Amino acid sequence: MLGRYNTAVNQRLYESCARLTDAAYRQERAGSFGSIHRLLNHILLGDRLWMERFTASGVTSTPALGTILYDEFPSLRAARETEDARIEALLGGLDEDFFARKIEYVNNAGKLCLDPASLVLGHFFNHQTHHRGQIHVMLSQTGMQPPSLDMHRAIRP
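Residues numbered from 1 in each chain as written. Predicted model: local features only at pLDDT ≥ 70, side-chain atom pairs only at ≥ 80, totals over all residues. Heavy atoms only, no water.

Explain the overall build of the chain here, please?
A tally of regular secondary structure across the chain gives seven helices and two strands. Start at the N end of the chain and walk to the C end: the helices and strands fall as α-α-α-α-α-β-β-α-α. Its C-alpha radius of gyration of 16 Å places the chain within 12% of the 15 Å reference for a compact globule of 157 residues. If you line up the chain on its principal axes, its C-alpha atoms span 45 × 40 × 25 Å. Out of the 157 residues belonging to the chain, those deemed buried represent 45%. With 17 positive and 17 negative side-chain charges, the chain shows a spacing of 5 Å between the two charge centroids. (Helix = DSSP H or I, 4+ residues; strand = E, 2+ residues; numbered from the N terminus. Rg over C-alpha atoms; globule rule 2.2 N^0.38 Å. Buried < 20%, exposed > 50% of the residue type's maximum accessible area, 1.4 Å probe, protein only. Lys, Arg positive; Asp, Glu negative; His and termini not counted. Charge placed at Lys NZ, Arg CZ, Asp CG, Glu CD.)

As structure tokens, then:
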């Protein structure tokens, strides 16, 4: 359910962002990472980091959280769509063994962490939701009506 929701609301946000001028899309705004462009990159970076941690064995470190993965919106959007499909595929194949695991990684402060998979999976989705909410506010500052991000509306059959 959370994978479907993630995909649906990302599609909605990217549709809205595609209607912005490049200047409005990149404009400095209050909030984490300072622009819609940088926030969208950050969410994708976070998703890729956690997906690597969920699927790989061994310790993975965290690059700078403000890393720009894609400077051009069409490339970022295509990468987002690919990652969302990957997330849904992973979630569709999870078994009880996954939830019994602990995930070992190095956080952005350089600290070695070992957390229950269920905790970091919850963080994975909460992180996305937190930053999408910031983008929602930033979109409202452009004069655009932001899309609904309500779960029951996004994934209603």
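Text resumes after the structure shown.
What should I look at first to understand the pattern of salt bridges in this one?
For side chains of opposite charge, pairing can occur when their charged atoms come near one another. A complete count under the given rule lists ten salt bridges for this structure. One salt bridge connects Arg-80 with Asp-47, and the closest N-O pair in it is separated by 2.6 Å. Here Asp-47 lies in helix H3 (residues 36-55) and Arg-80 lies in helix H4 (residues 73-92), a separation of 33 residues in the sequence. Exposure class is identical for Arg-80 and Asp-47. Each is buried. Salt-bridge contacts for Arg-153 lead to Asp-150; the nearest nitrogen and oxygen are separated by 2.6 Å. Among the ionic contacts, a cluster of salt bridges with common partners joins Glu-15, Arg-77 and Glu-81. (Salt bridge = Lys/Arg side-chain N within 4 Å of Asp/Glu carboxyl O.)

Hey, could you run me through the pairing of strand S1 (residues 102-106) in this one?
A regular strand places its side chains so that they alternate between the two faces of the sheet. Examined bridge by bridge, S1 and strand S2 (residues 112-116) share five bridges and lie antiparallel to one another. Across the sheet, the residue bridging to Tyr-105 is Cys-113, located in S2. (Pairing = 2+ DSSP bridges.)

For this particular structure, what's the right way to read the packing of aromatic side chains?
Each pair of aromatic rings is reported with the distance of its centres and the angle of its planes. Under the counting rule described, the total for this entry stands at eight aromatic pairs. Centroid distance Phe-54 to Phe-98: 5.7 Å. Interplanar angle 80°. Geometry classified as edge-to-face. Separated by 44 residues along the polypeptide, Phe-54 in helix H3 and Phe-98 in helix H5 (residues 96-100) bring together distant segments of the chain. Phe-54 gets classed as buried once you look at its relative accessible area, which sits at 3%. With a relative accessible area of 4%, Phe-98 lands in the buried category. On the numbers, 5.3 Å between centres and 90° between planes, the contact of Phe-98 with Phe-99 is edge-to-face. (Phe/Tyr/Trp six-rings, centres within 6.5 Å; stacked < 30°, edge-to-face > 60°.)

Sorry, what's going on with unusual backbone geometry here?
Negative phi characterises most residues that are not glycine, and trans characterises most peptide bonds. Positive phi outside glycine occurs at Phe-33, with the angle close to 70°. Tracing the chain through its elements places Phe-33 in the loop between helix H2 (22-26) and H3.

Help me out: how do you make sense of H3 in this one?
Its 20 residues give H3 an end-to-end C-alpha distance of 29 Å, which sits within 8% of 28 Å, the value for a rise of 1.5 Å per residue. Judged by how many residues are buried, H3 sits mostly within the fold: 16 of 20 residues are covered. (Expected span 1.5 Å × (residues − 1).)

Help me understand the environment of Glu-15, please; the structure alone is not making it clear to me.
Mapped onto the elements of the fold, Glu-15 is located in helix H1 (residues 2-18). A C-alpha to C-alpha distance of 16 Å links Glu-15 and Ile-155, two positions 140 residues apart in sequence.

How should the nonpolar core be read in this particular structure?
Soluble, globular proteins show a tendency: their nonpolar side chains are buried together. Grouped together as the largest cluster of nonpolar side chains are 24 residues, with contacts concentrated most on Cys-17, Leu-20, Tyr-25, Ile-36, Leu-40, Ile-135 and Leu-139. Those elements giving two or more residues to this core turn out to be H1, H2, H3, H4 and helix H6 (117-140). Considering every element that reaches this core, the biggest residue donor is H1, with six residues. Met-51, Leu-90, Leu-121 and Phe-125 belong to the second-largest nonpolar core, a separate cluster that totals 14 residues. (Core = buried A, V, L, I, M, F, W, Y, C linked by side-chain atoms within 4.5 Å.)

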